[in-house]
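Given next are the chains, with one letter for each unit.
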Amino acid sequence: MSQTMTTTSLSVPLPLDMTTEDPVPSTSRATHKFYEPIILYEALIDAVKHTAKPPAPEPNINIEDPKQVFCAFVNKLSHVCDKERGGNTVTSFVVLKDQHNPARAHFVFAANRQTVSELGVTAAYVKSLLQKINMAPDEEVNQHNVRSSLLYHILRFNRPRVSFYLRNLRSQAATCLESCQLTDTEEDDLIAEELNKILVCPSIGSNENDLPVDYLRQSETMIQLLVRMEKTPAGAAIKTRAMEERMPGVTSMECWPKLFHTMSRILAYLQSVKFLLRAKREWPSLFQDPAVDFLSSSRQMVKPARQKSQRADEIIGRMTRKAKNIEIFRRFVEALQMFDLDARIQHGFRKDSFKPVAHAEVIVLNWLLKPGEVAPDKFFNDWAYIGSGKPTCKLCVHYFREHRSNVEHRRSHGNFYPSWRIPDVFPHQGQKAIEQKQIMVDRVLEQVRKDTFDLVRKKASPSMKEADSNTLTARMTLNEYWSVRGSQDDDFDDIASRLGGVSLNS
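Residues numbered from 1 in each chain as written. Predicted model: local features only at pLDDT ≥ 70, side-chain atom pairs only at ≥ 80, totals over all residues. Heavy atoms only, no water.

A. Molecular detail of a negative patch on the surface. Together, Asp-184, Glu-186, Asp-189 and Glu-193 line one region of the surface with negative charge. For Glu-186, the location among the structural elements is in helix H6 (residues 186-200). (Patch = residues over 30% accessible without salt bridge, like charges linked within 9 Å, V, L, I, M, F, W, Y side chains within 5 Å. Areas by Shrake-Rupley, 256 points an atom, 1.4 Å probe, with all protein chains shown as cover. Salt bridge = Lys/Arg side-chain N within 4 Å of Asp/Glu carboxyl O. Lys, Arg positive; Asp, Glu negative; His and termini not counted. Charge placed at Lys NZ, Arg CZ, Asp CG, Glu CD. Helix = DSSP H or I, 4+ residues; strand = E, 2+ residues; numbered from the N terminus.)

Given below as structure tokens:
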């Protein structure tokens, strides 16, 4: 595992796993064998989503447990690198000991779908961010300038995503204001007063063509406004309404979770600043001339599809030889045809978004260790952990478990993404690597089949599908009790907590 960053004559950084080889191809039969159960499972979830239940809340983070705090730090660093919506820039980090200087930290990251040039830009941003954190004074009273500098640095990099949130905030505030005017209670009047403060702010800075200085000014204004609003009775009322059960199709009920989600996502960047500075106080060596490297995103593969993959009863016949399972499944499938199950399967194969990629955390694990290999001495403080900017998906959880290396990952939100695949193997890695990939394919496939049959037996969806960039993932608290999802009120959102008196100018 080389720790040396390779560069071109123009000093453009290249990935640690750089190769000019084409990956070892999978056979068409093997590809379809893998994706048929995955598309079927997605279709089943979609067909029975009306039975879904909310995912279990994430456990509290114990501020007295250094490992838990460290894992949260790695997740937050990953979060502030996810600058675009849509999943391409979802990022995962691992923090290693430098091979030549164990006292020096070595940050290695991957992203779902980014070019080498884009990854190089992210690496430069991370390096600069870590340097800025390192320069922060230890005294809390002297950190206001550093907080502003860090926040601006993060906001500049994340402009595509933050600009979207700023635009959404205005439109959602307008919708919720209309809802207030329908009922016109005393509480509605309080909320309306706060929502009007959002709407009267100039919108300049929230559009892509606006000047960077206007964008930063707009971001600062909204963050300060939301910090103040969060501490008001109106802010508490908005949170309460967001927690209440939604009624699909009823705008007056749906607007509050959306508004609260967007508010929380914007405030997450300010909270990240506090969090990163906390990490610096705990582990100053992390930020003292660290190495920052990256890994290649997976290459685009040919979309798998063939005619005989299009029917549920045919797919199940290729998933098991157990007659009892086939019979149970086919009865259930027949009942679900009223929900157009086969049409859902066909749509799953044809939709434009079905472009399987290896997820960032799996790329990092695949590069770091072979299946079954455990090497905690490689990790910072021997903490074998790979963080992510978003909760881990169901297929990534299967991969980590079946990799059997005991490397930990961020808790899963239970969401299932069919556009997922196992990382490539290249000729120079040898026959052993090809065999190990096949082992992982078989193990993950077995878990998907098990999930499918479990779903049929239970006749219920395993979790409620929410936006994976949901409010559950964005912000963590740094209060004296450090609660991430510590109460019933936090079940909607692991970031719904107090920011205290922090502002850009504090």
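Resuming the write-up.
B. Summary view of the nonpolar core. In this structure, Phe-73, Phe-107, Leu-195 and Leu-286 are the most contacted members of the largest nonpolar core, which totals 78 residues. For this core, the leading source of residues is helix H9 (residues 251-282), giving 14 residues. Residue assignment places this core across two domains, with domain 1 (32-114 + 297-473) and domain 2 (140-289) each supplying three or more. If we skip the residues at most four places from it in the chain, Phe-73 touches Phe-107, Phe-275, Leu-276, Ala-279, Leu-286 and Phe-287. Judged by nonpolar contacts, the second largest core, of 58 residues, contains Leu-16, Phe-329, Phe-354 and Val-448. (Core = buried A, V, L, I, M, F, W, Y, C linked by side-chain atoms within 4.5 Å. Buried < 20%, exposed > 50% of the residue type's maximum accessible area, 1.4 Å probe, protein only. Domains from an automatic or database assignment. Contact = heavy atoms within 4.5 Å.)

C. The side chain of Arg-449, seen in detail. Looking at the element boundaries, Arg-449 is found in helix H15 (residues 430-458). Put simply, Arg-449 is tucked away with no salt bridge, and the nearest opposite charge, on Glu-446, sits 4.4 Å away. The residues contacting Arg-449, other than those within four sequence positions of it, are Lys-33, Pro-37, Arg-318 and Met-319.

D. Highlighting the packing of aromatic side chains. Tallied over the full model, the rule gives 18 aromatic pairs. Ring plane angle 80° and centroid distance 6.1 Å describe the contact between Trp-283 and Trp-383, whose orientation is recorded as edge-to-face. On the criterion of sequence distance, the pair formed by Trp-283 in the loop between H9 and strand E3 (291-294) and Trp-383 in the loop between helix H13 (360-368) and strand E4 (385-388) is long-range, its members being 100 residues apart. Put simply, the rings of Phe-34, Tyr-35, Phe-349, Phe-354, Tyr-399 and Trp-420 pair up and form one aromatic cluster. (Phe/Tyr/Trp six-rings, centres within 6.5 Å; stacked < 30°, edge-to-face > 60°.)

E. Structural detail: the packing of helix H1 (residues 28-47) against helix H12 (residues 341-350). Axis separation between H1 and H12 bottoms out at 9 Å; the angle between their running directions is 125°. Overall, the two elements H1 and H12 adopt an arrangement that is oblique. At the point where H1 passes H12, the crossing takes the right-handed sense. Facing Tyr-35, Glu-36, Ile-39, Leu-40, Glu-42, Ala-43, Leu-44, Asp-46 and Ala-47 of H1, the residues of H12 in contact are Leu-341, Arg-344, Ile-345, Gly-348 and Phe-349. (Axes fitted to C-alpha atoms, helices over the stretch in contact; angles between N-to-C directions. Parallel < 35°, antiparallel > 145°, perpendicular 65-115°, else oblique. Left-handed = near helix turned anticlockwise from the far one by under 90°.)

F. Quick peek at the environment of Leu-119. Locating Leu-119 in the fold gives a position in helix H3 (residues 116-134). According to the relative accessible area criterion, Leu-119 is buried, its value standing at 1%. When the C-alpha atoms of Leu-119 and Leu-295 are compared, they prove to be 8.2 Å apart, with 176 residues separating the residues in sequence. Leaving out residues up to four positions away in the same chain, Leu-119 has contacts with Phe-109, Ala-111, Gln-114, Phe-294, Leu-295, Ser-296 and Ser-297.

G. Expanded view of the pairing of strand E2 (residues 105-111). For E2, the tally of buried residues reaches seven of seven residues, placing the bulk of the element in the interior. The two faces of E2 match: Ala-105, Phe-107, Phe-109 and Ala-111 on one face and His-106, Val-108 and Ala-110 on the other face are all buried. Across seven bridges, the pairing between strand E1 (residues 91-97) and E2 is antiparallel. Among the inter-strand pairings, Lys-97 is bridged to a residue of E2, identified as Ala-105. Direction of pairing for E2 relative to E3: parallel, over a ladder of four bridges. The residue bridging Val-108 from the neighbouring strand is Asp-293, located in E3. (Pairing = 2+ DSSP bridges.)

H. Representation of the side chain of Lys-280 in the model. With respect to the helices and strands, Lys-280 occurs in helix H9. Classification of Lys-280 by relative accessible area gives buried; the value is 8%. For Lys-280, the side chain forms a polar contact with the main-chain oxygen of Ala-136, separated by 2.7 Å. Not counting chain neighbours up to four residues away, the residues in contact with Lys-280 comprise Ile-133, Asn-134, Ala-136, Asp-138 and Phe-287. (Polar contact = N/O pair within 3.5 Å; in protein donor to acceptor, adjacent residues only side chain to side chain.)

I. Representation of the pattern of salt bridges in the model. Inspection of every chain in the model, using the stated rule, returns 17 salt bridges. We note a salt bridge from Lys-390 to Asp-82, for which the minimum N-O separation is 3.7 Å. With a gap of 308 residues between them, Lys-390 in the loop between E4 and helix H14 (394-403) and Asp-82 in the loop between helix H2 (66-79) and E1 connect regions that are remote in the sequence. You can call Lys-390 buried: its relative accessible area is 5%. Residue classification places Asp-82 among the buried positions, given a relative accessible area of 2%.

J. Representation of the sheet that holds E4. Strands sit in the order E3-E2-E1-E4-E5 across an open sheet of five strands; the sheet is mixed. Edge positions in the sheet fall to E3 and strand E5 (408-409), since each of these pairs with one other strand and no more. Contacting E1, E2 and E4, H13 runs over the sheet at an angle of about 30° to E1.

K. Structural context of unusual backbone geometry. Located in the positive-phi region is Asp-289, a residue other than glycine, with phi close to 50°. Along the chain, the position of Asp-289 falls in the loop between H9 and E3. The phi angle at Arg-404 is positive, at roughly 60°, despite the residue not being glycine. By relative accessible area, Arg-404 is classed as partly exposed at 45%.

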